[in-house]
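Take a look at the letters that make up each chain.
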Amino acid sequence: MNFGVIVFPGANCDRDIAYILRDILGQPTRMVWHEESDLSELDVIVVPGGFSYGDYLRCGAIAQFSPAMRATVDHAKQGKQVMGICNGFQVLTEMGLLPGALVRNRDLHFVCDRTPVRVERTDLPWTQGYSPGHIITLPIAHGEGCYFAEADTIKSLEDNNQILFRYCDALGEVNEAANPNGSLNNIAGICNQAGNVLGMMPHPERAADKALGNTDGLALFQGLLQTAMAAV
Amino acid sequence: MTQSADVQSYQAKVYVTLRPSVLDPAGTAVRSGLSHMGHDNVSKVRIGKYIEVDLTAQSKVSAQEQLDKICDQLLANPVIENYCVEVFEAA
């Protein structure tokens, strides 16, 4: 499976994800500079975490106009997979590939922690490595991770099962106390209606190497690869 | 871009505000600070952005139209923000 990782000025999780894809999973992985526009050979495009273009104006706002992101829109339109993590999720909402927006955390703090997350749906490549209701622990690190959308958008996300990950407590209960940033409906990660575009605030790539003591994020990438194997 | 005789310089003042349905924790924190200062009569603070844009255009109307596009596409995120634009002829 050919992976591409978009590198913006200010991206800082690009090498972390490339390490997981290339070194842990053995997949061909290319770093894509934001000025590149031919991404046609890629199967999966990853928009990594960080602070693209300094997060000036709004997080992810300026990145959407880069040639690489314009090519990413075409990639997504073809039904190919796009994954945005943290700042990448913010970029995907800013450009409209995913609904809603990520705003300042409820308590204004930059949250750097590990949080339980419940896997809500497992019939997509992104989550088929998990079982339904699976509670995993993933790192989060963001100041603007509070998911917001108007009530009708939230309803359509719920009705179409587009919410893939929700913040929960250790027992899997989804409640306000287990919500680290004030996200509506405890949303930690969503997909588009077709299911080929994923955005999530938690960092699965920081929980995919045994050396770091937590591999709860690895099944996400393994699930993706299963799809590719099945398609061959 | 060189300025030809038939274009005019304009300055725009762009105000970007959070939509009423979006919580503003920063504004709430400022209101709390004002309360600590003794300004108990301040009931609400909402924080937005003020942006100045200098541009040239054929007319004030075309400047306004261009600024609306600029705001819709970049300066404001319509999911969470409203904006208003005031256009002035530059001196």
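Since this is a predicted model, take the numbers as computed values, not measurements.

(A) Spotlight on the overall build of chain B. Looking only at helices and strands, one finds 2 helices and 3 strands in chain B. Helices and strands in chain B line up, N terminus first, as β-α-β-α-β. Counting only C-alpha atoms and orienting by the principal axes, one finds that chain B spans roughly 55 × 30 × 20 Å. Classification of the 91 residues of chain B by burial places 15% in the buried group.

(B) Quick look at the overall build of chain A. Scanning chain A from terminus to terminus reveals 5 helices and 11 strands. For a compact globule of 232 residues, the expected C-alpha radius of gyration is about 17 Å, and chain A comes in at 16 Å, within 12% of that figure. For chain A, the spread of C-alpha atoms along the principal axes amounts to about 45 × 40 × 35 Å. Within chain A, the fraction of its 232 residues that count as buried is 52%. Residue pairs in contact within chain A that sit at least 24 positions apart in sequence constitute 75% of those at least 6 positions apart.

(C) Quick peek at helix α2 (residues 67-77) of chain A. All names here are of chain A. Of the residues making up α2, those classed as buried are Ala 68, Met 69, Ala 71, Thr 72, His 75 and Ala 76. Seen from one end, α2 has its buried residues packed into an arc of 155 degrees, which puts them on one side. Among the exposed residues of α2, those oriented more than 90 degrees off its buried face are Asp 74 and Lys 77. On its buried face, α2 sits against β1 (3-7), β2 (29-33), β3 (44-47), β4 (81-85), α3 (87-94) and β11 (197-200).

(D) How the structure looks around the interface of chain A and chain B. Every contact between the two is made by 13 residues of chain A and, on the other side, 9 residues of chain B. Residue composition of the side of chain A that touches chain B, grouped by class: 6 nonpolar, 1 polar and 6 charged.

(E) The sheet that holds β4(A), seen in detail. All names here are of chain A. Read across the open sheet, the 9 strands follow the order β2-β1-β3-β4-β11-β10-β9-β6-β7; overall the sheet is mixed. Of all strands in the sheet, those bounded by a partner on one side alone are β2 and β7 (135-142). Taken pair by pair, the neighbouring strands of this sheet meet at an average axis angle of 25 degrees, ignoring direction. The sheet contact formed by β3 and β4 spans 4 bridges and is parallel. Bridging from a neighbouring strand, Ile 45 pairs with Val 82 of β4. Each of β3, β4 and β11 touches α3; the most contacted strand, β4, lies at about 120 degrees to it.

(F) The environment of Ser131(A), seen in detail. Residues and elements named next belong to chain A. Note on placement: Ser 131 falls in the loop between β6 (111-119) and β7. With 10 C-beta atoms packed within 10 Å, Ser 131 lands in the exposed category. Taking the C-alpha atoms as reference points, Ser 131 and Val 119, 12 residues apart in sequence, are found 7.6 Å from one another.

(G) Structural detail: the confidence of the model for chain B. Summarising the model, chain B shows a mean pLDDT of 93, and 95% of its residues fall at 70 or more. Our summary of model confidence lists the complex with pTM equal to 0.92 and ipTM equal to 0.84.

(H) Inspection of the sheet that holds strand β1 (residues 8-18) of chain B at higher detail. Residue and element names in this part refer to chain B. Strand order in this open sheet of 3 strands is β2-β1-β3, and the pairing throughout is antiparallel. The sheet terminates laterally at β2 (49-57) and β3 (81-89), the two strands that pair on one side only. Across this sheet, the average inter-strand angle for adjacent strands is 25 degrees, counted without regard to direction. In the sheet, β1 pairs with β3 via 9 bridges, with the strands oriented antiparallel. Note that in β3 the partner of Val 16 across the bridge is Tyr 83. Against the sheet, helix α2 (residues 60-75) contacts β1, β2 and β3, and its axis sits at roughly 150 degrees relative to β3.

What counts and how
Residues numbered from 1 in each chain as written. Chains lettered and ligands numbered in written order. Predicted model: local features only at pLDDT ≥ 70, side-chain atom pairs only at ≥ 80, totals over all residues. Helix = DSSP H or I, 4+ residues; strand = E, 2+ residues; numbered from the N terminus. Buried ≥ 20, exposed ≤ 12 C-beta atoms within 10 Å, placed from the backbone. Rg over C-alpha atoms; globule rule 2.2 N^0.38 Å. Contact = placed C-beta atoms within 7 Å. Arc of directions from axis to C-beta. Nonpolar A, V, L, I, M, F, W, Y, C, P; charged D, E, K, R; others polar. Pairing = 2+ DSSP bridges. Axes fitted to C-alpha atoms, helices over the stretch in contact; angles between N-to-C directions. pLDDT = per-residue confidence, 0-100.

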